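Inside the fold
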Amino acid sequence: MSSEYQARYDSWHRAPEAYWDEAARRIDWITPYEKVFDPAQGPFGRWFPGGTLNTAANCLDRHIAAGAGERIALIWDSAMEGRIARYTYRALRDRVAKLAGALAARGVAKGDRVVIYMPMVPEAAIAMLACARLGAIHSVVFGGFAAPELASRIDSAEPKLVIAASCGLEPGRVVPYKPILDAALERAAHKPRACLIFQREALRADLVPGRDEDYLDAEAAAAPHDPVPVAATDPLYVLYTSGTTGRPKGIVRDNGGHAVALAATIPMMYDVHPGPGSASEVMWTASDVGWVVGHTYIVYAPLLAGVTTVMYEGKPVGTPDAGAFWRVCAQHGVKTLFTAPTALRAIKQQDPEGALTRQHDLSKLEALFLAGERCDPPTAEWIAALLGRPVIDNWWQTETGWPISARFRGLGLTAFKPGSGGRPCPGYEVRALNPEGGLMPSGEVGALAIRLPLPPGCAPTLWHDDEGYRRAYLETFPGWYRTGDAGMVDEDGDIWVMGRTDDIINVAGHRLSTGAMEEVLAAHPDVAECAVIGRQDAVKGEVPLGLVVLKSGVARADAEIAAELVALVRERIGPVAAFKDALVVQRLPKTRSGKILRATMKQMANGAQPVIPPTIEDAAVLDQIAPLLSP
């Protein structure tokens with residue numbers, strides 16, 4: 001165990017308000033806060049009430065004032081365009097200030113909303129920071145959303161203005177964004193005042209006179225705008241959770257708690273630091289700004305900490321090969337890479353021996369961080385052996401905004417336990433609860449919950465829906481935040497997330513984790529990735545069904561591999577699992593952020609009409625597996 005980690009965690013647990021008061025000194029405050037925490041505000045309380053600050057100024061102006069204006073803030077690496085751009089803190093601040101001026105000239109003011117519909121280009125981050133500079137509330141909508149989903153978010157956020165790109169770039173295709181935006185605006189009841197369109201040369205868009213303007217022209221013509229003071233409790237952004245149906249669920253992030261929590265995570269969890277003057281260590285989060293991981297660890301946290309962040313437009317495979325990630329790490333001297341397990345599984349499938357890592361100088365890469373979904377132990381062990389670097393899984397949610405658990409490189413690094421999300425971060429007390437809200441013994445699976453109050457940076461409420469927040473997260477277990485994840489806390493305090501609570505299946509009265517079965521399947525040497533779902537059974541209630549994708553080059557018979565997988569589950573979990581079916585498929589359906597659509601497959605396997613989330617990466621995969629899943 002890391003004694004430094006334990007000391008830090010214990011110091012928070014003994015005096016939480018003193019701990020966060022100390023952490024808040026990393027941030028520049030315009031007006032000091034009156035209290036560290038007020039339990040009387042909002043569904044569970046509010047952090048730093050009475051204080052004022054500006055998040056964009058803390059990300060940019062603060063470092064320039066400290067003499068670090070020529071430090072590289074952002075490296076944009078586009079495998080799709082085949083070019084790289086670097087922005088110093090001063091250059092990034094200047095563009096953000098100009099765009100803020102352009103927004104202000106078009107009537108955007110503190111508290112107004114701006115919807116951002118952009119691919120992985122620097123202008124997306126600039127738009128986010130420009131909103132923050134004005135005190136406007138941005139809502140980034142992932143570029144994978146179609147017109148109906150974009151329209152529903154526009155109607156919920158009621159933006160004064162929309163910022164979009166003409167197109168996105170994917171391997172082998174150009175994705176027109178502007179026609180999707182036009183269709184969404186036609187469909188939406190709320191009509192924004194104006195749209196700024198970032199024109200990409202791959203596909204320039206037709207602009208609607210009187211409504212649409214060129215993003216770069218508007219920025220160039222504007223006067224720079226100074227940072228606007230906002231309350232610590234004012235919203236910084238609203239981020240709608242992926243895959244919603246009906247009324248979108250808007251996760252609110254406040255300014256003060258968000259800035260304090262995120263600035264603290266970079267040295268503590270990632271051990272990434274700015275150097276003296278213009279020097280800095282480099283962190284790369286291979287996500288998308290449309291997701292919370294991109295908000296937190298591409299844009300805000302690195303810039304709050306004053307380090308260099310990489311924004312990558314490309315894929316882990318196919319741009320051009322499974323060595324793309326290693327090329328980016330080598331070319332930019334990346335110290336920490338943060339990605340999703342699904343990216344590693346894609347790399348592993350294409351390059352199982354890791355030959356492509358040997359083509360790149362990874363001497364500066366010190367650690368690999370994982371989040372987004374649980375990393376199966378075989379994948380964690382494979383990449384740890386291949387890189388010879390610490391592999392650090394961490395668990396969190398859109399709602400929390402930053403990790404609930406990790407391994408803390410800056411505090412001595414807790415033990416590597418493949419499959420575990422690590423120890424709880426200071427600020428979180430995590431327990432597994434039974435259905436009545438009682439504590440489960442160490443090592444036993446239950447509903448993972450966090451004792452209230454949630455720490456700074458976590459969503460204090462839902463957009464215009466305090467009561468919906470209470471219903472969704474606080475009512476099931478009074479005094480606790482319900483995460484919706486199932487798992488256990490072991491005797492050392494490490495957290496094991498086994499899946500969503502609905503991924504626990506009931507086999508003849510036995511509550512079994514599909515995540516545990518997936519661990520076994522993933523350990524087979526021919527399996528690249530897998531999923532286990534529950535299928536209804538007249539005798540046992542539910543029985544597990546496994547779906548596996550094989551590694552590239554495997555030429556054995558599917559039936560032979562399936563028989564081995566059934567035997568493996570029987571050996572390692574036991575006959576109680578009733579695991580009798582393993583299907584070999586070419587691909588698993590996923591969201592654009594890499595999460596496997598287990599719930600959709602479960603609905604198909606049980607004869608229900610599947611709910612297909614709008615963020616699905618390729619709906620054709622469902623057609624491919626439908627005959628196999630038919631009950």
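Data block above holds the structure.
Owing to the predicted nature of the structure, the values given are computational and were not obtained by experimental measurement.

Rules used in this analysis
Residues numbered from 1 in each chain as written. Predicted model: local features only at pLDDT ≥ 70, side-chain atom pairs only at ≥ 80, totals over all residues. Heavy atoms only, no water. 1 Å grid on protein atoms, 1.4 Å probe; cavity = no way out; pocket = protein on both sides within 12 Å on 5 of 7 lines; lining within 4 Å. Points joined across faces, edges and corners; volume = space filled by probe spheres on them. Nonpolar A, V, L, I, M, F, W, Y, C, P; charged D, E, K, R; others polar. Helix = DSSP H or I, 4+ residues; strand = E, 2+ residues; numbered from the N terminus. Buried < 20%, exposed > 50% of the residue type's maximum accessible area, 1.4 Å probe, protein only. Pairing = 2+ DSSP bridges. Axes fitted to C-alpha atoms, helices over the stretch in contact; angles between N-to-C directions. Core = buried A, V, L, I, M, F, W, Y, C linked by side-chain atoms within 4.5 Å. Contact = heavy atoms within 4.5 Å. Parallel < 35°, antiparallel > 145°, perpendicular 65-115°, else oblique. Right-handed = clockwise from strand over helix to strand, strands pointing away. Phe/Tyr/Trp six-rings, centres within 6.5 Å; stacked < 30°, edge-to-face > 60°.

**Thoughts on empty space enclosed by the protein**
A probe as big as a water molecule, rolled over the atoms, marks out the empty space that is left. Summed over all chains, the structure comprises four cavities of 30 Å³ or more. As a volume, the largest cavity reaches approximately 90 Å³. Lining the largest cavity are 14 residues; nearest its centre among them are Asp393, Phe416, Lys417, Pro418 and Ser420. Its residues assigned to classes, the lining of the largest cavity shows seven nonpolar, three polar and four charged.

**Quick look at the environment of Glu186**
Counting through the fold element by element, Glu186 comes out in helix α8 (residues 178–187). Taking the relative accessible area as the measure of exposure, Glu186 reaches 66% and is therefore exposed. Sequence separation between Glu186 and Ala151 is 35 residues, and the spatial gap between their C-alpha atoms is 8.4 Å.

**A few points about the sheet that holds strand β25 (residues 480–489)**
If you trace the four strands from one edge of the open sheet to the other, you get β23-β24-β25-β26, paired in antiparallel fashion. In the strand order of this sheet, the two ends are held by β23 (430–433) and β26 (495–500), each with one partner. In this sheet, adjacent strand axes meet at a mean angle of 50° when their direction is disregarded. By the bridge criterion, five bridges tie β25 to β26 in an arrangement that is antiparallel. When the sheet's bridge partners are listed, Asp485 is paired in β26 with Arg500.

**Some remarks on helix α11 (residues 292–305)**
Counting buried positions along α11 yields 14 of 14 residues, so the element is predominantly enclosed. Once α11 ends, the next one or two residues include Gly306, with phi positive near 80°.

**Regarding the nonpolar core**
A general feature of soluble globular proteins is that nonpolar side chains tend to end up buried together. Core analysis: the biggest nonpolar cluster contains 143 residues, and Trp20, Ile163, Tyr297, Tyr300 and Trp402 have the highest contact counts within it. Sequence-distant contacts of Tyr297, defined by excluding residues within four places in its chain, comprise Thr265, Ile266, Met269, Tyr270, Met283, Thr285, Pro302, Thr309, Phe338, Trp396, Trp402 and Pro403. Membership of the second largest hydrophobic core comes to 29 residues, among which are Tyr312, Leu356, Cys375 and Ala384.

**Quick look at the sheet that holds strand β16 (residues 282–285)**
Think of a sheet as strands paired side by side through backbone hydrogen bonds, with each pair either parallel or antiparallel. Pairing is mixed in the open sheet, where seven strands are placed in the order β5-β4-β17-β16-β18-β19-β20. The open sheet terminates on both sides in strands that have one partner only, identified here as β5 (83–88) and β20 (391–393). Geometrically, the sheet is characterised by an average inter-axis angle of 20° between neighbouring strands, direction not taken into account.

**A word on the pairing of strand β15 (residues 250–254)**
For a regular strand, side chains alternate in direction, first toward one face of the sheet and then toward the other. Within β15, five of the five residues are buried, which leaves the element mostly enclosed by the surrounding structure. On β15, burial covers both faces: Gly250, Val252 and Asp254 on one face and Ile251 and Arg253 on the other are all buried. Relative to β15, strand β14 (residues 235–240) runs antiparallel, the two being bridged by five bridges. By the bridge assignment, Leu239 is partnered in β15 with Ile251.

**What about the packing of helix α10 (residues 256–270) against α11?**
Orientation of α10 relative to α11, taken along the N-to-C sense of each, is 85°, at an axis distance of 8 Å. The angle between α10 and α11 places the two elements in the roughly perpendicular class. Facing His258, Ala259, Leu262, Ala263, Thr265, Ile266, Met269 and Tyr270 of α10, the residues of α11 in contact are Thr296, Tyr297, Tyr300, Ala301, Pro302, Leu304 and Ala305. In the contact of α10 with α11, the residues fall into 12 nonpolar, three polar and no charged.

**Some remarks on the pairing of β16**
Of the two faces of β16, the one carrying Val282 and Trp284 and the one carrying Met283 and Thr285 are both buried. Once the chain exits β16 it traverses α11 before rejoining the sheet at strand β17 (residues 308–313), and the crossover so formed is right-handed. Pairing of β16 with strand β18 (residues 334–339), which is carried by four bridges, proceeds in the parallel orientation. Directly across from Met283, in β18, lies its bridge partner Thr336.

**Focus: helix α12 (residues 324–332)**
Ala324, Phe325, Trp326, Val328, Cys329 and His332 are the residues of α12 that are buried. Positive backbone phi, approximately 60°, marks Gly333, located one or two places after α12.

**Some remarks on the packing of aromatic side chains**
Summed over the entire model, instances satisfying the criterion amount to 28 aromatic pairs. On the numbers, 5.7 Å between centres and 80° between planes, the contact of Tyr297 with Trp396 is edge-to-face. Here Tyr297 is found in helix α11, whereas its partner Trp396 is found in the loop between β20 and β21 (405–406), with 99 residues between them in sequence. A relative accessible area of 11% places Trp396 in the buried class. Put simply, the rings of Tyr19, Trp20, Trp29, Tyr33, Phe37, Trp47, Phe48, Trp402 and Tyr428 pair up and form one aromatic cluster.

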